[in-house]
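Okay, here's what each chain looks like letter by letter:
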Amino acid sequence: VVCFIGRSNVGKSSLIKALFSLAPEVEVRVSKKPGHTKKMNFFRVGKHFTLVDMPGYGYRSPKDFVDMVEVYLKERTNLKRTFLLVDSVVGIQNTDNIAIEMCEEFALPYVMVLTKIDKSSKGQLLKQVLQIQKFVNTQTQGCFPQLFPVSAVTYSGIHLLRCFIANITGNLD
């Protein structure tokens, strides 16, 4: 099991849709409205693993978000990795710190994925990447050191993230 967590409208469902672009049998719905995902969505990937799309936190998040997500993260023993999605245009927000603290408190192995890299200039993106990398190196203990900058629009970085997920779920020799 791997799960995707992030603020409302950070692009969780869009990223999952891009990851499954080679598997048309997996139907991923994407909404323009933030806060569309209200419950956890489970995507079974063949016999290999399950990917969980968590509802977004922050704007229009479900009232039971913390209870639902905290219980899941704390008790899911087969959770291989939590993917924390951060909007590369705005960087780590206060609401992201809540998710980061949750991952740290439960000693969960997690990874930061920078979404929407197609929306930033190269200079702006580089500045964000360096800031977030510094944050990961100095403020976290459970965070995987490598960031994954991705675009669900141009598919930039998608293949690398797909390979990483295949590797941690034991589906890559």
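Scroll up to find the structure.
Residues numbered from 1 in each chain as written. Predicted model: local features only at pLDDT ≥ 70, side-chain atom pairs only at ≥ 80, totals over all residues. Heavy atoms only, no water.

Enquirer: Describe the pattern of salt bridges, naming the residues involved and giving the relevant values.
Expert: Scanning the model with the defined rule gives three salt bridges in all. With a closest N to O distance of 3.7 Å, Asp87 and Lys116 form a salt bridge. Placement of the pair is Asp87 in strand E4 (residues 81-87) and Lys116 in the loop between strand E5 (110-115) and helix H4 (122-139), with a sequence separation of 29 residues. The exposure class of Asp87 is buried, given its relative accessible area of 8%. As a salt-bridge pair, Lys119 and Asp118 come within 4.0 Å of each other at their nearest N and O atoms. Overall, Lys119 belongs to the exposed group, its relative accessible area being 54%. (Salt bridge = Lys/Arg side-chain N within 4 Å of Asp/Glu carboxyl O. Helix = DSSP H or I, 4+ residues; strand = E, 2+ residues; numbered from the N terminus. Buried < 20%, exposed > 50% of the residue type's maximum accessible area, 1.4 Å probe, protein only.)

Enquirer: An account of the pairing of E4 is requested, with residue identities and associated values reported.
Expert: The buried fraction of E4 amounts to seven of the seven residues, a majority that puts the element mostly inside the structure. Pairing between strand E1 (residues 2-6) and E4: five bridges, direction parallel. Residue Gly6 lies in a different strand from E4, and its bridge partner there is Leu85. Note that E4 and E5 share six bridges and pair parallel. (Pairing = 2+ DSSP bridges.)

Enquirer: An account of the sheet that holds strand E3 (residues 49-53) is needed here, citing residue identities and associated values.
Expert: If you walk across this open sheet you meet the six strands as E2-E3-E1-E4-E5-E6, and the pairing is mixed. Of all strands in the sheet, those with a lone pairing partner are strand E2 (41-45) and strand E6 (148-149), marking the two edges. Direction of pairing for E1 relative to E3: parallel, over a ladder of three bridges. What sits directly across from Cys3, in E3, is Val52. Here helix H3 (residues 94-105) sits on the sheet in contact with E1, E4 and E5, set at roughly 165 degrees to E4. (Contact = heavy atoms within 4.5 Å. Axes fitted to C-alpha atoms, helices over the stretch in contact; angles between N-to-C directions.)

On their own, these measurements won't tell you what the molecule is for.
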